[in-house]
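# Results of the structural survey
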Amino acid sequence: MRDTRESRLLLVLLIAIAFALITVDIRGGEESPVDGARQVAATAFGPVENGVAAAVDPVGNAIGAVRDSGDRHDRIAALEHENAELKTKLGSDDRNASKVRQLDTMLRSAGAGQYGIKAAQVVAIGAAQGFSWTITIDAGANDGLKRDMTVLNGDGLVGRVTTVGPNTATVLLANDPDFTVGTRLEKTDELGFATGQGSRSLAVQFLNGKADVKKGDRLVTFGSSKDKPFVPGVPVGQVVRVDPSGGDLTRTVYVQPFVGFTKLDIVGVVVQAPREDPRDMVLPAQPKKPEKPKPTPTVTVTVQPNGDLVDAEGKVVGNINEKPDASGSPDAAGDADPAAGDAANEQE
């Protein structure tokens, strides 16, 4: 439509008519003269408006969903973060509980052996020493650690310190093939040397080829000169196999270590040796063997023709014809009337 004088006059006229109709409609209230025209227009254009609304609503909903999706995403992210924190807390609580148990067991063992220890945690396994069985702990020279100190945990001998840094140290584990420790057999005091064999049992060579060793016997460290690298009395392991000596000067047995070298966490480095050899004090008490059940005594009796019960020694212990009264003694009536008793016996 061109912007001419006529078009402007038409626009003004239409606006004036619109205002006039609005005024008449407002003053007329419910009986407005334009109400009929409004109903006709609603009837004519209502379906068109519904169709347009049906077409436009999904778009509007989509726009609203996009607008609200940011808030929902933030709420979901917050919930996921909270769940992750709860899981981490639960996991850390279990881990802390495990550390407390390990530390408590280790302190009990150290107390039994009178060892002065420095507790440490394993921070790495298999340091850069080739294929050796080693661990790295988070304690070093600043904590008083030195080379050739004994390392243990609540189960027994872990190894010895080989390298010391300011804040860390490397420990050679007792199952390493280059590891050897002097051992002493519980009770009998037979001496030997245990050597690591990796994932297999320790091989212990006893100095006495005729040593009385059997499966289940336990060993502890014998100790070294000036307590380096090993202090005495630390549990080593339990005998699982005994090879026949075959007349050799020495005897070899195989020992399962008390320590699980693949699941080390909390360890203790012995920084102060005991004043006296604890001997077997650090070993846990042996479980008691169940007592054998005592046999129930049995008594064999035979019945004689007259009804007497005779035991294996020929003694008469009773008679099948005797009937105890209320007091447990033979029937008084039977004693008073022998003829009646004989008749009853014949009848039986």
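Because the structure is predicted, anything quoted here is derived from the model rather than measured. (Residues numbered from 1 in each chain as written. Predicted model: local features only at pLDDT ≥ 70, side-chain atom pairs only at ≥ 80, totals over all residues. Heavy atoms only, no water.)

### Here we look at the overall build of the chain
Across its full length, the chain holds four helices and 15 strands. For the chain, the residues scored as buried account for 28% of the 348 residues in total. Put simply, of all contacts in the chain between residues at least 6 apart along the chain, 54% involve residues at least 24 apart. Carbon and sulfur atoms make up 56% of the accessible area of the chain, which totals about 23500 Å². (Helix = DSSP H or I, 4+ residues; strand = E, 2+ residues; numbered from the N terminus. Buried < 20%, exposed > 50% of the residue type's maximum accessible area, 1.4 Å probe, protein only. Contact = heavy atoms within 4.5 Å. Areas by Shrake-Rupley, 256 points an atom, 1.4 Å probe, with all protein chains shown as cover.)

### Some thoughts on the pairing of strand β5 (residues 169-173)
With respect to burial, β5 is a largely interior element, five of its five residues being buried. A two-sided burial pattern is seen for β5, the buried positions comprising A169, V171 and L173 on one face and T170 and L172 on the other. Note: strand β2 (residues 134-137) against β5, four bridges, orientation antiparallel. Following the sheet pairing, I137 is matched in β5 by A169. Summarising the sheet, strand β4 (residues 157-164) and β5 pair through five bridges and their orientation is antiparallel. Note on β5: the bridge partner recorded for V161 is V171. Remark: four residues form the turn of the hairpin made by β4 and β5, two consecutive strands paired antiparallel. (Pairing = 2+ DSSP bridges.)

### With respect to the packing of aromatic side chains
Taken as a whole and judged by the stated rule, the model has one aromatic pair. Taking the centre distance of 5.4 Å and the plane angle of 70 degrees together, the rings of F179 and F230 count as edge-to-face. With a gap of 51 residues between them, F179 in the loop between β5 and β6 (180-185) and F230 in the loop between β9 (218-221) and β10 (235-242) connect regions that are remote in the sequence. As far as the burial class goes, F179 and F230 line up, both buried. (Phe/Tyr/Trp six-rings, centres within 6.5 Å; stacked < 30°, edge-to-face > 60°.)

### Quick notes on unusual backbone geometry
As a rule of thumb, non-glycine residues mostly have phi less than zero, and peptide bonds are mostly trans rather than cis. The peptide bond linking K228 to P229 adopts the cis configuration, its omega dihedral lying at 10 degrees. Along the polypeptide, P229 turns up in the loop between β9 and β10. We note that K226 has phi near 60 degrees; this positive angle belongs to a residue other than glycine. Assignment of secondary structure puts K226 in the loop between β9 and β10. Look at K226 and you get exposed, because its relative accessible area is 78%.

### Here we look at the side chain of R184
Here R184 lies in strand β6. What makes R184 buried here is its relative accessible area of 3%. A distance of 2.8 Å separates polar atoms of two side chains, one belonging to R184 and the other to D189. In this structure the side chain of R184 is engaged in a polar contact, spanning 3.2 Å, whose partner is the backbone oxygen of R279. (Polar contact = N/O pair within 3.5 Å; in protein donor to acceptor, adjacent residues only side chain to side chain.)

### A closer look at a nonpolar patch on the surface
A cluster of nonpolar side chains, L10, L13, L14 and I17, forms an exposed patch at the surface whose accessible area comes to about 360 Å². As for its placement among the helices and strands, I17 is situated in helix α1 (residues 5-28). (Patch = residues over 30% accessible without salt bridge, like charges linked within 9 Å, V, L, I, M, F, W, Y side chains within 5 Å. Salt bridge = Lys/Arg side-chain N within 4 Å of Asp/Glu carboxyl O.)

### Observations regarding the sheet that holds strand β12 (residues 266-272)
An order of β1-β2-β5-β4-β3-β12 is seen for the six strands of this closed barrel, with the pairing classed as antiparallel. On average, each strand axis in the sheet is tilted by 45 degrees relative to the strand beside it, whichever way the strands run. With two bridges connecting them, strand β3 (residues 150-152) and β12 associate as antiparallel partners. Residue pairing for β12: V151 is matched across the bridge by V269. (Axes fitted to C-alpha atoms, helices over the stretch in contact; angles between N-to-C directions.)

### Quick word on the pairing of β10
By the bridge criterion, three bridges tie β9 to β10 in an arrangement that is antiparallel. The residue bridging R218 from the neighbouring strand is Q238, located in β10. Across five bridges, the pairing between β10 and strand β11 (residues 251-257) is antiparallel. By the bridge assignment, Q238 is partnered in β11 with Q256.

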